[in-house]
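Read off the chains here:
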Amino acid sequence: MPVTSPLRLARAAAFTAVCLGLGVVAHLFNGGTVAPGALALGLPAVFAAALPLSGGERTLRAILPLLAALQVVLHVLFALSAPMTSTAYVLSGYVLTGQAVAGHPHAGPGIGMLLGHGWAVVLTAVWLARGEAALWALLRRLAVRLTRIAADPAPPVFAPPASPHPDEPHLPCSLAPRHCVTRRGPPGLLQPSA
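All values reported here derive from a predicted model rather than from experimental measurement.

## Some words on the layout of surface pockets
So, step 1. Considering only enclosed or pocket space, the second largest pocket measures out at about 170 Å³ in volume.
So, step 2. Lining the second largest pocket, in full, are R11, A14, F15, V18, R58, I63, W127, L128, G131, E132 and L135.
So, step 3. When residues of the lining of the second largest pocket are traced back to their parent elements, those giving at least two are α1 (6-29) and α4 (111-151).
So, step 4. Counted by class, the lining of the second largest pocket contains seven nonpolar, one polar and three charged residues.

Below you can see the structure in the form of structure tokens.
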């Protein structure tokens, strides 16, 4: 079994948190309910789907379909795990629930639920793609900087400027900075004009 780097695990965990949080918020916002058991099943499923894709830079083309597919899976998982008061109907492989779930009518993924999940998926995919681009740009800059440091490990030596006349004795610098005014005593007497 290959060793997974901490960066891959962190990226997969971040994607999992965003995807699962998005699914829960969109589902609750549109009138659904989320059972704790569904969250317990959804968390490892989303992580398992995200981990293989966390080896390289993910673009919007990779993030958007994965996020949309996982939102569909999470929606079905949340809908099936909600307490039912009537039966569910299966039509052409899709579950259409004509049930009252937790006190509200829930007829499959209604248009509000689809629109809610849809706009959230697109916005979140764009956000994640920008985060990916920023992370990889930072890693590329860091790699260039480390390569330059490795190529020239000696730090630059800063020597004081050489005197234009090496034969002249070195005069000590004044202790007071040049821009300080160091007058002492009372001001000069004003001379009366004639």
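## Structural notes on the packing of α1 against helix α2 (residues 36-50)
So, step 1. Running from amino to carboxyl end, α1 crosses α2 at an angle of 135°, the nearest separation of the two axes being 9 Å. In terms of orientation, α1 and α2 fall into the oblique class. The two elements α1 and α2 meet at a crossing, and its hand is right-handed. Across the interface between the two elements, L9, A12, A13, F15, T16, C19, L20 and V24 of α1 pack against L39, G42, L43, V46, F47 and A50 of α2.
So, step 2. A class-by-class count of the residues in the contact of α1 with α2 yields twelve nonpolar, two polar and no charged.

## A few points about the pattern of salt bridges
So, step 1. The tally for this structure, following the rule as stated, stands at three salt bridges.
So, step 2. Linking E132 and R11 is a salt bridge whose minimum nitrogen-to-oxygen distance equals 2.6 Å. Linking E132 in helix α4 with R11 in helix α1, this pair joins segments that are 121 residues apart in sequence. Here E132 and R11 have matching classes, each one buried.
So, step 3. Note that E132 and R58 form a salt bridge whose closest N and O atoms lie 3.1 Å from each other. Linking E132 in helix α4 with R58 in the loop between α2 and α3 (60-81), this pair joins segments that are 74 residues apart in sequence.
So, step 4. On the basis of relative accessible area, E132 is assigned to the buried category, the value being 6%.
So, step 5. If you follow the salt bridges from partner to partner, you end up with R11, R58 and E132 in one network.

## Let's talk about α2
So, step 1. With 15 residues, α2 extends 21 Å between its outermost C-alpha atoms, agreeing within 8% with the 21 Å of an ideal straight helix rising 1.5 Å per residue.
So, step 2. Among the residues of α2, A38, G42, V46 and A50 are the ones counted as buried.
So, step 3. Along its buried surface, α2 packs onto α1 and α3.

The rules behind each value
- Residues numbered from 1 in each chain as written.
- Predicted model: local features only at pLDDT ≥ 70, side-chain atom pairs only at ≥ 80, totals over all residues.
- Heavy atoms only, no water.
- 1 Å grid on protein atoms, 1.4 Å probe; cavity = no way out; pocket = protein on both sides within 12 Å on 5 of 7 lines; lining within 4 Å.
- Points joined across faces, edges and corners; volume = space filled by probe spheres on them.
- Helix = DSSP H or I, 4+ residues; strand = E, 2+ residues; numbered from the N terminus.
- Nonpolar A, V, L, I, M, F, W, Y, C, P; charged D, E, K, R; others polar.
- Axes fitted to C-alpha atoms, helices over the stretch in contact; angles between N-to-C directions.
- Parallel < 35°, antiparallel > 145°, perpendicular 65-115°, else oblique.
- Left-handed = near helix turned anticlockwise from the far one by under 90°.
- Contact = heavy atoms within 4.5 Å.
- Salt bridge = Lys/Arg side-chain N within 4 Å of Asp/Glu carboxyl O.
- Buried < 20%, exposed > 50% of the residue type's maximum accessible area, 1.4 Å probe, protein only.
- Expected span 1.5 Å × (residues − 1).

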